[in-house]
Amino acid sequence: MTAADQELHFADAGEAADLAAFLARLIHYDRAAAVRLQAGGGVLAVFGRPPSFEVLAIRTARLEAIIGTDTTTATTAGAAGASGPGALDTTVSAGELGDALDTARAGRTADGPEVRDRGLVVTVPKAVTGPPWAGVLPPRGGWRRVSGLPGVDEVHGAVAAAVAEFRARDAELPEERRTRAERDRIGHEIWSRTLGDTGLPLRAVHAAQSLGFLRPVRAAAPAATSAGAGGGVATATPGPTAEPLALLAAGGWLRLRTPYGSIAVRTSGLSGLSVTPA
């Protein structure tokens, strides 16, 4: 049975809506964006790579089940690991997955609030040839906390200051030097700087802000982490006591974890930022 023969039964329609918003932001940066899906342990993890930032973005959502449309397989998502029966690991078009989510949500608009608050059923799009980054994901486990991460206000301030610096330096360029190469050089210099003493490049924080991961935490049900599909890579639903930000490390990766998703970046072998900030 292929991924396109499977349905994802989301446990919460609100999480599905947040996932659709995440996909829309990825498509804003790359209309042909692909995402890798991994499901298991009751959680779907969605990995994407916005080209403007040279980072890996991860969003999760809780699942009730992964069900084959041919009715030969019906697996409770929480009962299977990432490689168990009924689990999912595939790369699909971000646009097609977003369309599938929108279609499923539109079909519920006539329902009452008590129905709309329940889960959502979405058919998995057909698989696509994955880009190179899709074969190199962060480790599932072994993450340890890294100290020195500034508070939320300081993180927002660091991004705002970097954006302001880029715009000021760009405005100061004489007309004959206002080229893509020169602007890329300035962007690379600014966004390769690290956040405080953490070693996390500023482009990772900028990506988190641009993808909606740094917005205020809303009161919600207790959080569910993606332990079964990426080693607790992100939080599916932030609760009222969700930790605003945490910086973790494992192997050659750093990961900025927020209540709405994670930004992961490799600490070695990274190519430079090649586009200017949004």
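Quantities reported herein were computed from a predicted structural model and do not represent experimental measurements.

Observations regarding the pattern of salt bridges
At step 1: Inspection of every chain in the model, using the stated rule, returns 15 salt bridges.
At step 2: Aspartate 18 is the salt-bridge partner of arginine 59, the closest N and O atoms lying 3.2 Å from each other. Here arginine 59 is found in strand E4 (residues 56–68), whereas its partner aspartate 18 is found in helix H1 (residues 13–29), with 41 residues between them in sequence. Judged on exposure class, the residue arginine 59 and its partner aspartate 18 are both buried.
At step 3: Members of the salt-bridge network, linked through shared partners, are Glu165, Arg169, Arg177, Glu182, Arg185, Glu189 and Arg193.

Let's talk about the confidence of the model for the chain
At step 1: The predicted model of the chain has a mean per-residue pLDDT of 82, with 75% of residues at 70 or higher.
At step 2: Taken as a whole, residues 220–232 scores under 50 in pLDDT and shows 45 contacts with residues more than four places along the chain or in a different chain.
At step 3: A low-confidence stretch, residues 269–278 stays under pLDDT 50, and its non-local contacts, those more than four residues away or across chains, total 31 contacts.

Quick word on the environment of proline 244
At step 1: Structurally, proline 244 is set in the loop between helix H6 (202–210) and strand E9 (246–250).
At step 2: The partly exposed category is assigned to proline 244, whose relative accessible area is 44%.
At step 3: Counting along the chain gives 14 residues from proline 244 to threonine 258, while the straight-line C-alpha distance between them is 5.8 Å.
At step 4: Filtering out sequence-adjacent residues up to four positions away, proline 244 remains in contact with Val152, Arg257, Thr258 and Pro259.

Re the packing of helix H4 (residues 152–172) against helix H5 (residues 180–191)
At step 1: Between H4 and H5, the least distance of the axes is 10 Å, while the angle of their chain directions is 155°. In terms of orientation, H4 and H5 fall into the roughly antiparallel class. You can see that H4 and H5 cross each other, and the crossing is right-handed. Here Val159, Ala162, Val163, Glu165, Phe166, Arg169 and Asp170 of H4 come into contact with H5, specifically with Arg183, Arg185, Ile186, Gly187, Glu189, Ile190 and Trp191.

Quick word on the side chain of threonine 258
At step 1: Summarising the element assignment, threonine 258 is placed in strand E10 (residues 253–258).
At step 2: Given the relative accessible area of 2%, threonine 258 is considered buried.
At step 3: Only 3.0 Å separates the side chain of threonine 258 from the backbone oxygen of phenylalanine 213, close enough to count as a polar contact.

Topic: the pairing of strand E3 (residues 43–48)
At step 1: The element E3 is extensively covered by neighbouring structure, given that six of its six residues are classed as buried.
At step 2: Here E3 shows a buried face lined by Val43, Ala45 and Phe47 and a second buried face lined by Leu44, Val46 and Gly48.
At step 3: Note that strand E2 (residues 34–40) and E3 share five bridges and pair antiparallel. Its bridge partner being in E3, leucine 37 is matched across the sheet by valine 46.
At step 4: Between E2 and E3, which pair antiparallel and follow one another directly, the connecting turn spans two residues, one of which, glycine 41, has a positive phi of 65°.
At step 5: As paired strands, E3 and E4 are joined by six bridges and run antiparallel to one another.

Quick notes on unusual backbone geometry
At step 1: In this model, glutamate 54 sits at a positive phi of 55°, which is unusual for a non-glycine residue.
At step 2: Examined against the element boundaries, glutamate 54 turns out to sit in the loop between E3 and E4.

Observations concerning the side chain of glutamine 38
At step 1: When you line up the elements, glutamine 38 lands in strand E2.
At step 2: Only 3.2 Å separates the side chain of glutamine 38 from the side chain of aspartate 89, close enough to count as a polar contact.

Notes on the nonpolar core
At step 1: By size, the foremost hydrophobic cluster in this structure holds 59 residues, and its most contacted members are Phe10 and Leu101.
At step 2: Sequence-distant contacts of phenylalanine 10, defined by excluding residues within four places in its chain, comprise Ala16, Leu19, Leu44, Ala61, Arg62, Leu63, Glu64, Leu101, Gly119, Leu120 and Val122.
At step 3: By size, the runner-up hydrophobic cluster in this structure holds twelve residues, among which are Leu56, Trp133, Ala134 and Ala264.

Here is what the cut-offs are and how they apply
Residues numbered from 1 in each chain as written. Predicted model: local features only at pLDDT ≥ 70, side-chain atom pairs only at ≥ 80, totals over all residues. Heavy atoms only, no water. Salt bridge = Lys/Arg side-chain N within 4 Å of Asp/Glu carboxyl O. Helix = DSSP H or I, 4+ residues; strand = E, 2+ residues; numbered from the N terminus. Buried < 20%, exposed > 50% of the residue type's maximum accessible area, 1.4 Å probe, protein only. pLDDT = per-residue confidence, 0-100. Contact = heavy atoms within 4.5 Å. Axes fitted to C-alpha atoms, helices over the stretch in contact; angles between N-to-C directions. Parallel < 35°, antiparallel > 145°, perpendicular 65-115°, else oblique. Left-handed = near helix turned anticlockwise from the far one by under 90°. Polar contact = N/O pair within 3.5 Å; in protein donor to acceptor, adjacent residues only side chain to side chain. Pairing = 2+ DSSP bridges. Core = buried A, V, L, I, M, F, W, Y, C linked by side-chain atoms within 4.5 Å.

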